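# Chain and residue survey
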Amino acid sequence: MCRACNPRTLLLRRLGLARPGRVRALALAALVMGTLLATQGAIVRATGSGLGCPDWPLCHGAITPPPDDTKALIEYIHRLVATVGGLVILAAAVGAWAL
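Since this is a predicted model, take the numbers as computed values, not measurements.

### Examining the overall build of the protein
For the protein, the helix and strand inventory stands at three helices and zero strands. Starting at the N terminus and ending at the C terminus, the protein contains elements arranged as α-α-α. Buried residues in the protein amount to 26% of all 99 residues. Within the protein, contacts between residues separated by at least 24 positions form 52% of all contacts whose residues are at least 6 apart in sequence. A total of about 6,800 Å² of accessible surface is found on the protein, and carbon and sulfur atoms cover 70% of it.

Structure follows, in structure tokens:
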């Protein structure tokens, strides 16, 4: 079986992770997202918003927080940054492993 016909290689090509330039861009995006997440975590800690959304995965029983609750909004933004950042970091790890 040729290396280019390997199912893993075909999957990585389909995901766009077979090129080192794209993996490098993903790694940079992961670095930026990690920095944003740490910064947002510091904001959550400094404002005391850690329990702005008391239940998980919802926030006060709804998908989005109430617009007039600042602490809930800060905590919810932190959750969104963590979700997107986690997916970017995972994609960067898969891409780096594949190289």
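### Some words on unusual backbone geometry
The amide bond that connects W56 to the next residue, P57, takes the cis arrangement and shows omega of 10°. Tracing the backbone shows P57 in the loop between α2 (20-47) and α3 (70-98). Despite not being glycine, H60 has its phi angle at roughly 60°, a positive value. Its place among the elements puts H60 in the loop between α2 and α3.

### Here we look at the pattern of salt bridges
In total, this model carries one salt bridge according to the counting rule given. E75 is paired through a salt bridge with R79; the nearest N and O atoms lie 3.8 Å apart. Here E75 and its partner R79 are both found in helix α3, four residues apart, which amounts to about one turn of the helix. The same class applies to E75 and to R79, which are both buried.

### Regarding α2
Taking 1.5 Å of rise per residue, the 28 residues of α2 would be expected to cover 40 Å, and the 40 Å separating its terminal C-alpha atoms lies within 8% of that figure. Buried residues of α2: V23, A30, M33, Q40 and V44, and no others. Positive backbone phi, approximately 70°, marks G48, located one or two places after α2.

### Overview of the state of the cysteines
For the structure on display, the rule yields one disulfide. Each sulfur in the disulfide pair C53 and C59 lies 2.1 Å from the other. Between C53 and C59 the sulfur-sulfur dihedral comes to about -75°; the bridge is accordingly left-handed. Each member of the pair, C53 as well as C59, carries the same accessibility label: buried.

### What to know about a nonpolar patch on the surface
A cluster of nonpolar side chains, contributed by L28, L31, V32 and L36, occupies part of the molecular surface with about 380 Å² of accessible area. Inspection of the secondary structure assignment puts L36 in helix α2.

### A closer look at the side chain of Q40
Checked against the element boundaries, Q40 lands in helix α2. Not counting the four nearest positions on each side in its chain, Q40 is found in contact with I74, I77 and H78.

Here is what the cut-offs are and how they apply
- Residues numbered from 1 in each chain as written.
- Predicted model: local features only at pLDDT ≥ 70, side-chain atom pairs only at ≥ 80, totals over all residues.
- Heavy atoms only, no water.
- Helix = DSSP H or I, 4+ residues; strand = E, 2+ residues; numbered from the N terminus.
- Buried < 20%, exposed > 50% of the residue type's maximum accessible area, 1.4 Å probe, protein only.
- Contact = heavy atoms within 4.5 Å.
- Areas by Shrake-Rupley, 256 points an atom, 1.4 Å probe, with all protein chains shown as cover.
- Salt bridge = Lys/Arg side-chain N within 4 Å of Asp/Glu carboxyl O.
- Expected span 1.5 Å × (residues − 1).
- Disulfide = S-S within 2.5 Å.
- Patch = residues over 30% accessible without salt bridge, like charges linked within 9 Å, V, L, I, M, F, W, Y side chains within 5 Å.

Honestly, it's all geometry; don't read function into it.
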